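Remarks on the overall topology
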Amino acid sequence: MTDTSGAVIPSAKVTLLRVGTGERRVDATDSSGNYSFPLIEIGDYTVSVEMSGFKTETKTGIAVELQQKARVNFQLEVGAATERIEVVATE
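Everything in this summary refers to the structure shown in the same document. Given the structure is predicted, the values throughout are model-derived calculations rather than measurements.

Here we look at the side chain of Thr29
- Take Thr29: it is sitting in the loop between β3 (24-28) and β4 (43-50).
- Given a relative accessible area of 5%, Thr29 falls into the buried group.
- Polar side-chain contacts of Thr29 include one of 2.9 Å to the backbone nitrogen of Ser11.
- Within the local environment of Thr29, its side chain forms a polar contact with the backbone nitrogen of Ala12, the two atoms lying 2.9 Å apart.
- Filtering out sequence-adjacent residues up to four positions away, Thr29 remains in contact with Met1, Ile9, Pro10, Ser11, Ala12, Val14, Asn34 and Tyr35.

Considering the pattern of salt bridges
- Using the criterion set out here, one finds one salt bridge in the structure.
- For Glu77, the salt bridge goes to Lys55, with nearest N and O atoms at 3.3 Å. Here Glu77, found in the loop between β6 (75-76) and β7 (84-88), pairs with Lys55, found in the loop between β4 and β5 (56-64); they are 22 residues apart in sequence, far enough to count as distant.

Here we look at the pairing of β4
- Two strands pair when backbone bridges link them, and strand β2 (residues 13-18) and β4 are joined in this way by six bridges, in the antiparallel orientation. In the sheet register, Leu17 faces β4, and the bridge partner there is Thr46.
- Summarising the sheet, β4 and β5 pair through six bridges and their orientation is antiparallel. Residue pairing across strands places Gly43 opposite Val64, the latter belonging to β5.
- Between β4 and the antiparallel strand that follows it, β5, lie five residues; Gly53 among them carries a positive phi value of about 90°.

The rules behind these values
Residues numbered from 1 in each chain as written. Predicted model: local features only at pLDDT ≥ 70, side-chain atom pairs only at ≥ 80, totals over all residues. Heavy atoms only, no water. Helix = DSSP H or I, 4+ residues; strand = E, 2+ residues; numbered from the N terminus. Buried < 20%, exposed > 50% of the residue type's maximum accessible area, 1.4 Å probe, protein only. Polar contact = N/O pair within 3.5 Å; in protein donor to acceptor, adjacent residues only side chain to side chain. Contact = heavy atoms within 4.5 Å. Salt bridge = Lys/Arg side-chain N within 4 Å of Asp/Glu carboxyl O. Pairing = 2+ DSSP bridges.

Structure follows, in structure tokens:
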């Protein structure tokens, strides 16, 4: 997780939503800007990131297959938290 200048963003709130069930899991980025949701089920997911002073960003259409690791990177833009950016994944 970085900002538009490439600086790492620690302590950002990351929310993982399993679309089919509505199950939510929340984590925070570490001091290196990384986050992890281990042991998730196969299915379609949406990932959102929130941090004070930045626009909230959401990525949808993330499909996780059996024994797959999915890396979803974000580059947050400076702005109000009420401003949202949505990115739809395509295959």
